[in-house]
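An overview of the molecular structure
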Amino acid sequence: MSPALPRIVRLYCGLSRTLLPHDLWAEHGRDMNEAFYDLYTEAASKPTVSERARLIGRELISLFSTAIEERRSTRRQRRHLLALRARPRTSGHGQPPDNNPLSGITDMFDSVLSDVRYTLRTLRKSPVFAVVAIATLALGIGANAAVFSVINSVLLRPLPYEAPEDLYVVWTNFGRDLPQNWLSGPEFVEIRDLNTRFEEVAIYTGAA
Amino acid sequence: MTTEGPRKHLPLAPHDFEILLSLSHGPMHGYATITAIRERTGGDMVLGTSTLYAAVRRMRRAGLIEEAGERPAQSNGPPRRYWRMTERGDEVLRLEADRIRRAAAAADSVLGDSAEMRKS
């Protein structure tokens, strides 16, 4: 590849290194980046940008699906090896029958624990991937919590008064240019004195 | 490399078959393989680079392809790594092509019979 790589090619190199399992990237990372560079150069020579957009979309899908499939395959192989190691040795008459009704549950817990251990080992081996994954989770959870707290306080929870549905805000209307304006002190006094519609009238200020 | 028979690899995944078919013309690097498959299938199969190299690694481990050294790139940059089909790969490719031919003939026969029955 040339020294002045397009930004998208550099991004692809970084992403492939982060997402793909280390062993696959170590064996073929350079080949992948060069093939992507060649494909991008070909797409960039076309007059429309749609070719480049299609290439990038296709490559991202390929990258993510390969990362998931390769990690799943590695996990399957490890699980198979663990199962082979854990198999009890018999005296040539095959495996003894398992009559314990709890063994299914125990197997399930073993499998979950094995998954958790494997995940932690993988995260430790790929610290960049781990940081990206944890930061993405933290940002997602934080953003969700913030949006929910706003929606909850503004839309879902009623105002902290006895009959919040009977509360009204009164504005003054000065025509088309100023249809909704705050009340002045004298206006409030006038409304309070002439009030026949509301049980009570009160005033508040937004000033600190 | 595995010592089991070549039939163990059948049926081949469609993109594995296409990769072997491309390499049957001679050694190729990744970009050339992707464009050869795209052109031969009329754009029906366009492999992503990571899909291609995951398959390359799998087939190399199975002894179906092997590295054929590096050659200078036609565009800029370092030399590209080439891949070629092994004898075992050739054998598997021919068995898979035969299997597909027989499957297609069986499908033709069944579908032809159904068409005849509908006409009559």
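Here we summarise the structure given alongside this text. (Residues numbered from 1 in each chain as written. Chains lettered and ligands numbered in written order. Predicted model: local features only at pLDDT ≥ 70, side-chain atom pairs only at ≥ 80, totals over all residues. Heavy atoms only, no water.)

Turning our eyes to something else, we now look at the side chain of Thr86 of chain B. Of note, Thr86 of chain B is situated in the loop between β2 (80-85) and α4 (87-119). Setting aside residues up to four positions removed in sequence, Thr86 of chain B forms contacts with Gly63, Leu64, Ile65 and Glu66 of chain B. (Helix = DSSP H or I, 4+ residues; strand = E, 2+ residues; numbered from the N terminus. Contact = heavy atoms within 4.5 Å.)

Residues and elements named next belong to chain B. Most of β2 is tucked away, with five of its six residues classed as buried. As paired strands, strand β1 (residues 65-71) and β2 are joined by five bridges and run antiparallel to one another. Within β2, the residue paired with Glu66 across the bridge is Arg84. (Buried < 20%, exposed > 50% of the residue type's maximum accessible area, 1.4 Å probe, protein only. Pairing = 2+ DSSP bridges.)

Our next topic: a nonpolar patch on the surface. Residue and element names in this part refer to chain A. On the surface, a nonpolar cluster with roughly 700 Å² of combined accessible area is contributed by Val147, Phe148, Val150, Ile151, Val154, Leu155 and Leu156. Structurally, the position occupied by Leu156 is in helix α5 (residues 127-156). The class for Leu156 is exposed, based on a relative accessible area of 54%. (Patch = residues over 30% accessible without salt bridge, like charges linked within 9 Å, V, L, I, M, F, W, Y side chains within 5 Å. Areas by Shrake-Rupley, 256 points an atom, 1.4 Å probe, with all protein chains shown as cover. Salt bridge = Lys/Arg side-chain N within 4 Å of Asp/Glu carboxyl O.)

Let us now look at empty space enclosed by the protein. Any empty space left between atoms is shown by rolling a water-sized probe over those atoms. All names here are of chain A. Taken as a whole and judged by the stated rule, the model has four cavities of 30 Å³ or more. Considering only enclosed or pocket space, the largest cavity measures out at about 60 Å³ in volume. Of all the secondary-structure elements, those providing two or more residues to the lining of the largest cavity are α2 (22-44) and α3 (50-86). Here the residues of the lining of the largest cavity sort into three nonpolar, no polar and five charged. (1 Å grid on protein atoms, 1.4 Å probe; cavity = no way out; pocket = protein on both sides within 12 Å on 5 of 7 lines; lining within 4 Å. Points joined across faces, edges and corners; volume = space filled by probe spheres on them. Nonpolar A, V, L, I, M, F, W, Y, C, P; charged D, E, K, R; others polar.)

Right, let's get into the interface of chain A and chain B. Every contact between the two is made by 24 residues of chain A and, on the other side, 26 residues of chain B. The contact between chain A and chain B buries some 2100 Å² in all, and 46% of this surface belongs to carbon and sulfur atoms. Its largest share of buried area at the contact with chain B, chain A owes to Glu27, His28 and Asp38 of chain A, together 23% of the area lost on that side. Put simply, chain A and chain B have nine salt bridges between them. When the shortest N-O distance is used, the salt bridge between Glu70 of chain B and Arg30 of chain A registers 3.1 Å. For the pair chain A and chain B, the number of links is 16 residue pairs in polar contact (both at pLDDT 80 or more). Every element with two or more residues in the side of chain A that touches chain B is listed here: α2 and α3 of chain A. Considering every element that reaches the side of chain A that touches chain B, the biggest residue donor is α2 of chain A, with 14 residues. (Buried area = accessible area lost by both parts, 1.4 Å probe. Polar contact = N/O pair within 3.5 Å; in protein donor to acceptor, adjacent residues only side chain to side chain.)

A word on the nonpolar core. Counting residues in hydrophobic clusters, the biggest one holds 44 residues, and the most contacted among them are Ile19 and Leu20 of chain B. Residue assignment for this core shows that the elements contributing at least two residues are α1 (7-19), α2 and α3 of chain A together with α1 (14-23), α2 (30-40), α3 (49-61), β2 and α4 of chain B. The element best represented in this core is α2 of chain A, accounting for nine residues. Look past the residues within four positions of Ile19 of chain B in its chain and what remains in contact with it is Thr33, Ile37, Leu47, Leu52, Ala55 and Met59 of chain B. (Core = buried A, V, L, I, M, F, W, Y, C linked by side-chain atoms within 4.5 Å.)

Before going further, it helps to examine the packing of aromatic side chains. For the structure shown, the criterion picks out five aromatic pairs over all chains. With 6.3 Å between their ring centres and 25 degrees between their planes, Phe36 of chain A and Tyr40 of chain A make a pair best called stacked. Of this pair, Phe36 of chain A and Tyr40 of chain A both sit in helix α2, four residues apart, which is roughly one turn of that helix. Between Trp182 of chain A and Tyr204 of chain A, the ring centres sit 6.4 Å apart and the planes meet at 90 degrees, which makes this aromatic pair edge-to-face. Of this pair, Trp182 of chain A sits in the loop between α5 and α6 (185-194) while Tyr204 of chain A sits in the segment after α6, and the two are 22 residues apart along the sequence. Each member of the pair Trp182 of chain A and Tyr204 of chain A is classed as exposed. Taken together, the ring pairs connect Tyr12, Phe36 and Tyr40 of chain A into an aromatic cluster. The ring of Tyr82 of chain B has Arg71 of chain B lying over it, and the distance from NZ or CZ to the ring centre is 4.4 Å. (Phe/Tyr/Trp six-rings, centres within 6.5 Å; stacked < 30°, edge-to-face > 60°. Lys NZ or Arg CZ within 6 Å of the ring centre and 35° of its normal.)

Moving on to the packing of α2 of chain B against α3 of chain B. All names here are of chain B. The contact between α2 and α3 brings their axes to 11 Å, and the two run at 110 degrees. The orientation of α2 with respect to α3, classified from their angle, is roughly perpendicular. Here α2 contributes Gly30, Thr33 and Ile34 to the contact with α3, which in turn contributes Thr49, Leu52 and Tyr53. Partitioning the contact of α2 with α3 into residue classes produces three nonpolar, three polar and no charged. (Axes fitted to C-alpha atoms, helices over the stretch in contact; angles between N-to-C directions. Parallel < 35°, antiparallel > 145°, perpendicular 65-115°, else oblique.)

That is the geometry; function is a separate question.
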